Amino acid sequence: MNNPIIEKIEAILVDLPTIRPHHLSMTVMKKQTMVIIRLFCSDGIEGIGEATTIGGLSYGEESPESMKLNIDTYFAPLLVGQDATNIHKAMFWIEKNIKGNRIAKSGIETALLDTHGKRLGVSIGTLLGGAITETLPVLWTLASGNTQQDIEEAEHLLAIGRHTTFKLKIGWQAPEISIAHVAAIKKALGDRAKVTVDVNQAWDESTAKISIAKLQEAGIDLIEQPIIKENFEGLARLTKMFTVPIMADEALNDSTDAFKLAKIRGGDVFALKIGKSGGLHNVLKVAAIAEAADISLYGGTLLEGTIGSVASAHAFSTLKTMSWGTELFGPLLLTDDIVKTKVAFSNASMKIPQGPGLGLELDLEKLNQYKRK
Ligand code: MUC
Ligand code: MG
């Protein structure tokens, strides 16, 4: 019997507004652009995937527009006609012929896993060997750009029990202003919430030394990517210098980075992201290196919508321990969704859909409404 083949791949740019401006050190987001992938197979099964980055080209080397162009021009011709049931073989073929483009690769792998899960009637977590959990802790990022508004947002989310950990995006203002902002929020929330910060590479190493000391003093729980991603040794020096844990985010993409960082302990915690690593299988390789080096795990996001967030959740659900929880709140930052049943967030966690594949269904009307014309 012949296995079903991949017949067609579509990459669709979808623009969804955010619920409020989201301030990061490199950009202010007022909308998110997702690349939604539809992968059609000869047995009539369609799989979906998502390739999403932050702020056009301000976060990394792939933009939504470049991902669509590269999927249409390079990925699709390589995949059409290939066995739709052999994900490792399809991804090996892509890897052999396409350099970089890890976020696009992650979206494609997600769509392949979704089709195969639907075909076999099992979730992606099951396809990956089995999920250890059906829920994951999820924090919320406070990034309105205004200290008082952030406090009010956190108070509201604490009151309704949706989140108990808050990540603050800093580094877009002078260090002393950023630190005063963080200290004010931590003081207001006290022991009722954990507070972490993400500097998104904004400081040089000497600024980081002075500033992290103050953040540690203010009771901050975790410091994410304080310095430029290339400075692995600096990350190792900061990790050694402070009690407050340091997390590698932009410095860490695939398992090669993970190995280099683990060898010098560049970070106490690794931020896992399927997009950074080039897919679900690859992110689990990063996790394996972290586990071997006794480096803690954190489930990161590139602010994907529901499809990318659920794909990440399926991968993370197969890990033994995610000590620092996840930040898979992307769908909650958007004003609307393009899937029929939204994912449930409550008690500071996400309930991972358990249906076949991703466990999601595209809402074609919504897709059409938000699709870039
Ligand atoms: C990042 O750098 O971690 C995660 C949460 C958020 O607000 O931005 C992202 C990206
Ligand atoms: Mg980060």
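Below, the structure is looked at part by part. Position numbers for residues start from 1 in each chain and track the written sequence from start to end. All chains are assigned letters beginning with A, and all ligands numbers beginning with 1, in the order in which they are written. Reporting in this predicted model follows two pLDDT cut-offs: at least 70 for local features of residues, and 80 or more for side-chain atom pairs to be given and counted; totals over whole chains, interfaces and linings ignore these cut-offs and use all residues. Neither water nor hydrogens contribute to the side-chain values; these are computed over all heavy atoms in the structure.

1. Considering the overall build of the chain
- Labels follow the DSSP assignment, with helices taken as runs of H or I lasting at least four residues and strands as runs of E lasting at least two, numbered in each case from the N terminus. When you go through the chain residue by residue, the secondary structure sums to 14 helices and 13 strands.
- A compact globule built from 373 residues should have a C-alpha radius of gyration of about 21 Å, and the chain, at 20 Å, falls within 12% of that.
- Within the span of the chain, comprising 373 residues, buried residues form 58% of the whole.
- Excluding contacts between residues fewer than 6 apart, the proportion of contacts in the chain whose partners are at least 24 apart in sequence is 73%. Atoms counted for the radius of gyration: C-alpha only. Globule rule: 2.2 Å times residue count to the power 0.38. Only protein chains enter the calculation, and the probe is 1.4 Å; a residue is then buried if its accessible area is under 20% of its type maximum, exposed if over 50%, and partly exposed in between. Contacts: residue pairs with any heavy atoms within 4.5 Å of one another.

2. A look at the sheet that holds strand S4 (residues 135–137)
- Strand pairing requires that DSSP identify at least two bridges connecting the strands. An order of S4-S13-S12 is seen for the three strands of this open sheet, with the pairing classed as antiparallel. Taken across any chain shown, the strands that pair with only one partner, and hence form the sheet edges, are S4 and strand S12 (345–346).
- Alignment of S4 against strand S13 (residues 349–351), held across three bridges, turns out to be antiparallel. Bridge pairing links Leu136 to Met350 in S13.

3. Some details on the pattern of salt bridges
- Here a salt bridge means any side-chain nitrogen of Lys or Arg lying within 4 Å of a carboxyl oxygen belonging to Asp or Glu. Counted under the stated rule, the structure contains 23 salt bridges.
- A salt bridge links Glu65 to Arg372, with the nearest nitrogen and oxygen atoms 2.7 Å apart. Of this pair, Glu65 sits in helix H1 (residues 64–79) while Arg372 sits in the segment after helix H14 (364–370); the two residues are 307 residues apart in sequence, bridging distant segments of the chain.
- The closest approach of N and O atoms between Asp72 and Lys68, which form a salt bridge, is 2.6 Å. A residue pair is termed a helical-turn pair when its members lie 3 or 4 positions apart in one helix, as Asp72 and Lys68 do in helix H1 at four residues.
- The partly exposed category is assigned to Asp72, whose relative accessible area is 33%.
- Here the salt bridges do not stand alone but share partners, grouping Lys167, Lys169, Asp198, Glu224 and Glu327 into one network.

4. Here's the deal with empty space enclosed by the protein
- Here a cavity means grid points, on a 1 Å grid over the protein atoms only, where a 1.4 Å probe fits yet cannot get out; a pocket means an open set of points with protein on both sides within 12 Å along at least five of seven lines; lining residues are those with an atom within 4 Å of a point. Grid points are joined across faces, edges and corners, and a volume is the space filled by probe spheres set on the points. The full count for this structure, using the stated rule, is three cavities of 30 Å³ or more.
- In this structure, the largest cavity encloses a volume near 70 Å³.
- When residues are sorted by character, Ala, Val, Leu, Ile, Met, Phe, Trp, Tyr, Cys and Pro go into the nonpolar class, Asp, Glu, Lys and Arg into the charged class, and all the rest, Gly among them, into the polar class. Split into classes, the residues belonging to the lining of the largest cavity amount to five nonpolar, four polar and six charged.
- Just so you know, the domain bounds were taken from an automatic or database domain assignment. Residue-level mapping places the lining of the largest cavity at the junction of two domains, with at least three residues from each of domain 1 (6–122 + 363–370) and domain 2 (127–351).

5. Remarks on the layout of surface pockets
- Roughly 440 Å³ of internal volume is contained in the largest pocket.
- In terms of lining, the largest pocket is formed by 17 residues, of which the most central are Gly60, Glu61, Glu62, Arg102 and Asn253.
- Elements represented by at least two residues in the lining of the largest pocket include exactly H1, helix H3 (102–120) and helix H10 (274–277).
- Here the residues of the lining of the largest pocket sort into three nonpolar, eight polar and six charged.

6. Quick notes on the site of ligand 1
- Proximity criterion: a residue is near a molecule or strand once any of its heavy atoms comes within 4 Å of it. Around ligand 1 there are 16 residues in total, and His22, Lys167, Asp198, Asn200 and Glu224 lie nearest to it.
- Here a polar contact is recorded for every N or O atom pair within 3.5 Å, except that within protein the pair must consist of a potential hydrogen donor and a potential acceptor, and residues adjacent in sequence are included only if both atoms are side-chain atoms. Contact between ligand 1 and Lys169: an oxygen atom at 3.1 Å from a side-chain N or O atom of the residue.
- Note that an oxygen atom of ligand 1 is positioned 3.1 Å from one of the side-chain N or O atoms of Glu224.
- Expressed as a share of its isolated accessible area of 280 Å², the protein-covered part of ligand 1 is 100%. Residue burial considers only the protein chains on display, and all accessible areas are found by Shrake-Rupley using a 1.4 Å probe.

7. Considering the packing of helix H9 (residues 255–264) against helix H11 (residues 280–292)
- Running from N to C, H9 and H11 cross one another at 15°; their axes reach a closest spacing of 8 Å. Put simply, H9 runs roughly parallel to H11. Between H9 and H11 the crossing geometry is right-handed. Of the residues in H11, those touching H9 at Ser255, Ala258, Phe259 and Ala262 are Lys285, Val286 and Ile289.
- Class assignment of the residues belonging to the contact of H9 with H11 gives a composition of five nonpolar, one polar and one charged. Angles shown run from 0 to 180 degrees and are taken between the N-to-C directions of axes, each axis being a line fitted to C-alpha atoms and, for helices, limited to the stretch in contact. Each angle is binned into one of four classes, with values under 35 degrees roughly parallel, values over 145 roughly antiparallel, values of 65 to 115 roughly perpendicular, and all other values oblique. Here a crossing is taken to be left-handed if its near helix is turned anticlockwise relative to the far helix by less than a right angle, and right-handed if that turn runs clockwise.

8. Points about the packing of helix H8 (residues 232–241) against H9
- Where H8 contacts H9, the axes come no closer than 9 Å and their chain directions differ by 40°. With respect to each other, H8 and H9 are oriented oblique. Regarding H8 and H9, the two cross each other, and that crossing is right-handed. Between H8, through Phe232, Glu233, Leu235 and Ala236, and H9, the contact on the second element is made entirely by Asp257, Lys260, Leu261 and Ile264.
- In terms of residue class, the contact of H8 with H9 is built from five nonpolar, no polar and three charged.

9. A word on helix H2 (residues 87–97)
- If you check which residues of H2 are buried, you get Ile87, Ala90, Met91 and Ile94. Seen from one end, H2 has its buried residues packed into an arc of 95°, which puts them on one side. Across H2 from its buried face, at more than 90 degrees, point the exposed residues His88, Lys89, Phe92 and Lys96.
- Taken together, the buried residues of H2 touch H1, H3 and H11.
- Taking the backbone nitrogen of Lys89 as reference, a side-chain oxygen 3.0 Å away marks Asn86 as the first, capping residue of H2. By construction, the arc corresponds to the directions joining the helix axis to the C-beta atoms.

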